[in-house]
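If you want the building blocks of each chain, they are given just below.
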Amino acid sequence: MRPSAVIPFALLTLQPVYAQLPLPGSPYTPPDPSAGTQPSNGTTPNSQWSDLLGNLLYFYDEQRSGQLPSDNRVSWRNDSALDDGSDVSLDLTGGFYDAGDYVKYTFPLSFTLMSICWGALDAGQGYELSKQTAYLDDTLRWGLDWLIKAHPSPNVLFVQVGDGNLDNAYWGGDRNIPSPRPSYQINDTSPGTDAAAQASAAFAACSALYSNRTLSASTSSTALANSSYASTLQNHALDLYTFATDAKGGMQTYQTAVPESGEAYASSGYSDELAIAALFLALTQSTNATAYYADAVKWYYSGNLGQQFHAGDETVFNWDAKTPGVAVLAAQLASMYPDIVSGSNATLEVWQNAVEGYFDVIVNNNGRSHLTDGGLLLFPGDSDEASLNPALNVAMLMTRYALANLTTSTDRDRYLAFAQGQLNYALGKNPMSVPYVVGTHPNSPANPHSAISTGYAPANGAALSAPADLHSDPAQEAYVLYGGVVGGPDAADRFWDLRGDWVQNEVALDYTAPLLTLAAQALVRGAADPYYTLVRAGAYDEVRPAGAPCDAAVQDGCKRGGLSTGGKIVIGVVVSVVGLTFLALGAYWVWRTRRGGRY
């Protein structure tokens, strides 16, 4: 909602918090994609994993909004959206564009920052080995400093900047982004429990990272330690958690207050965000850790989150659903800091049973999730519009849990093997022979759905314009969007690499995050080369599917049957009669689901 009153702009303009670590004098830039076909030849640290990690971080530089720094590495990016926040007399410039467009969304950004910081807590040594810690610091601060701006007072959080509908009508570069770019907020009387809690989780996770906290005996710290910055992040985390739990307007999903954000990122509940925020706050606390842990347990049970681990109901881990992460993080905390569990029935064993029950459902193919013929883990519904993301997030959680030595050696090996299978699939061991990371290999996607990189400019100079055929105009993208992880193939493992197919080809902040952690973990483990070094250049061209996709973005490949008029009438009558019966049953099912789910 728009604010009814704001604090004067001059009082809220923040001095920039610059990166603690100096960036290298000779900046890292991605190598030519052809380098992805060359083995590392046993170098230590592994040069291929180091380049992948560097490319993934570089992607976030490509997505930057606002006034770019003097050491900007992406020569084709420009200052942009320099009036963001002016409609509410605030400076909301900076941050990251969410995906292939120019809108800034706080909810998925907060999840992305939380995920990256959590990964660095586990595998920070991977950034050190690859000499990418300074770029990690730079990336995190670019996002966190904007999130600080978006939280100008304890009970106000801006959850979106930009008009999604207006933005979708524009396909062009960053110099002519259309306006107005309205700023949308949640506040004490129009709250958003989930968005506030998720932002709290991001601040808390990153505060723990900058405080050099650890989550297992096997992890090692990075050079990011900065107590003053950690304290700033922790204060925002605490305020936002209080806002989430005690707002005068009660508890509700944030799209109730800001329907505009729900058009792109509607949340299905808030118990999981509250639980994971409380757990990360427990990690940052020296005196109140037990109380925050107890809070997390309360949200876990009151939200019936455990149901989401059961076969048939197993959920994903993504920007909306945090429950699998809640149990994994709780197990890490209970193992590493047993004192915080004092007096609680939610012991380490409780979390181990929940996590391993969930993983076993997936590995043993006992639930709704299943593997494609080519080996990609799919969750029907959740994987429909970004098939790789649920699989990579599961791989990240399994690897995290296994490397923390929270299970038996047998299960550790099983989970690592399954996770490796998903990682290999994403990096080229799939029927298309495509590593689904832009710019990493000659077979990588060449047409990411990204207005920033495409280079399209309307001939007539129209501000709101898009080419008649987004797939082919321009014939080749102007810039390589290095490190962008695309949505991924369809359920039959097919990938068309069509620019206009945002389901398969769009990039996003949260798509890249799990692979970033997996690459860091691979470096720490001393893993063999990424699978794409074994993939023959040109192999995708030989198997690229004919026809077109059938998905939410492109319907050209959808089968269209033909029936006579009489046949349609008969089917219509039957459907009407049967439909009335199922309508009543459906209403009952929805009632039961909402009572037992994340609502």
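Before reading on, note that the structure itself is shown above.
Engineer: So, the overall build of the protein: which residues are in play, and what are the values?
Structural biologist: Looking only at helices and strands, one finds 20 helices and five strands in the protein. The buried share among the 599 residues of the protein stands at 58%. Of all intrachain contacts in the protein linking residues separated by at least 6 positions in sequence, the fraction that spans at least 24 positions is 76%. Taken as a whole, the protein presents about 23,100 Å² of accessible surface, with 52% of it coming from carbon and sulfur.

Engineer: Just give me the short version of the pairing of strand 3 (residues 183-187), but keep the residues and values in it.
Structural biologist: When you tally the buried positions in strand 3, you get five out of five residues, the bulk of the element. Neither face of strand 3 is left uncovered, since the one carrying Ser183, Gln185 and Asn187 and the one carrying Tyr184 and Ile186 both have all their residues buried. Inspection of the sheet shows strand 2 (residues 156-161) paired to strand 3 by five bridges, in the antiparallel sense. Bridge pairing in strand 3 links Phe158 to Gln185.

Engineer: If you had to explain the packing of aromatic side chains to someone new, which residues and values would you point to?
Structural biologist: Summed over all chains, the structure comprises 24 aromatic pairs. Judged by centre distance (5.9 Å) and plane angle (70 degrees), the ring pair of Tyr60 and Phe96 falls under edge-to-face. In this pair, Tyr60 sits in helix 2 (residues 47-62) while Phe96 sits in the loop between helix 2 and strand 1 (104-105), placing the two residues 36 residues apart along the sequence. Overall, Tyr60 belongs to the buried group, its relative accessible area being 2%.

Engineer: Break down helix 12 (residues 323-336) for me, with residues and values.
Structural biologist: If you check helix 12, its first and last C-alpha atoms are 20 Å apart, about what 14 residues at 1.5 Å a residue would give, namely 20 Å. Residues Thr323, Pro324, Gly325, Val326, Ala327, Val328, Leu329, Ala330, Ala331, Gln332, Leu333 and Ala334 constitute the buried set of helix 12. Contacts from the buried residues of helix 12 go to helix 3 (106-129), helix 10 (271-284), helix 11 (289-302), helix 13 (348-363) and helix 14 (388-403).

Engineer: Talk me through the side chain of Thr372; I want residue IDs and the actual numbers.
Structural biologist: Topologically, Thr372 is positioned in the loop between strand 4 (370-371) and strand 5 (377-378). Take Thr372: its relative accessible area is 7%, and that puts it in the buried class. Of note is the side chain of Thr372, whose polar atom sits 2.7 Å from the side chain of Asp493. Look past the residues within four positions of Thr372 in its chain and what remains in contact with it is Leu378, Tyr425, Ala491 and Asp493.

Engineer: Please set out the state of the cysteines residue by residue, giving values where relevant.
Structural biologist: In this structure the tally under the stated criterion is two disulfides. What pairs with Cys117 in a disulfide is Cys206, and their sulfur atoms sit 2.0 Å apart. The S-S bond linking Cys117 to Cys206 shows a torsion near 95 degrees; that makes this disulfide right-handed. You can see Cys117 sitting in helix 3 and its partner Cys206 sitting in helix 6 (residues 193-210), a full 89 residues away along the chain.

Engineer: Residues and numbers for the nonpolar core, please.
Structural biologist: By size, the foremost hydrophobic cluster in this structure holds 178 residues, and its most contacted members are Ile186, Phe280 and Trp351. Ranked by residue count, the leading element in this core is helix 6, at 13 residues. Contacts of Phe280, omitting those with residues within four sequence positions, involve Met114, Trp118, Leu121, Ala201, Ala204, Ala205 and Leu329.

Engineer: How would you summarise the environment of Thr232 if you had to cite specific residues and measurements?
Structural biologist: With respect to the helices and strands, Thr232 occurs in helix 7 (residues 227-246). Considering only alpha carbons, one finds Thr232 and Ser207, 25 residues apart in sequence, at a separation of 8.0 Å.

Engineer: Describe the pattern of salt bridges, and please don't skip the residues or the numbers.
Structural biologist: This structure, assessed with the given rule, holds 17 salt bridges. In this structure, Arg414 engages Asp360 in a salt bridge whose closest nitrogen and oxygen atoms are separated by 2.6 Å. With Arg414 in helix 15 (residues 409-426) and Asp360 in helix 13, this residue pair connects regions lying 54 residues apart in the sequence. Each of Asp61, Arg64, Arg73 and Asp138 takes part in a single network of salt bridges with overlapping partners.

Calculation criteria
- Residues numbered from 1 in each chain as written.
- Predicted model: local features only at pLDDT ≥ 70, side-chain atom pairs only at ≥ 80, totals over all residues.
- Heavy atoms only, no water.
- Helix = DSSP H or I, 4+ residues; strand = E, 2+ residues; numbered from the N terminus.
- Buried < 20%, exposed > 50% of the residue type's maximum accessible area, 1.4 Å probe, protein only.
- Contact = heavy atoms within 4.5 Å.
- Areas by Shrake-Rupley, 256 points an atom, 1.4 Å probe, with all protein chains shown as cover.
- Pairing = 2+ DSSP bridges.
- Phe/Tyr/Trp six-rings, centres within 6.5 Å; stacked < 30°, edge-to-face > 60°.
- Expected span 1.5 Å × (residues − 1).
- Polar contact = N/O pair within 3.5 Å; in protein donor to acceptor, adjacent residues only side chain to side chain.
- Disulfide = S-S within 2.5 Å.
- Core = buried A, V, L, I, M, F, W, Y, C linked by side-chain atoms within 4.5 Å.
- Salt bridge = Lys/Arg side-chain N within 4 Å of Asp/Glu carboxyl O.

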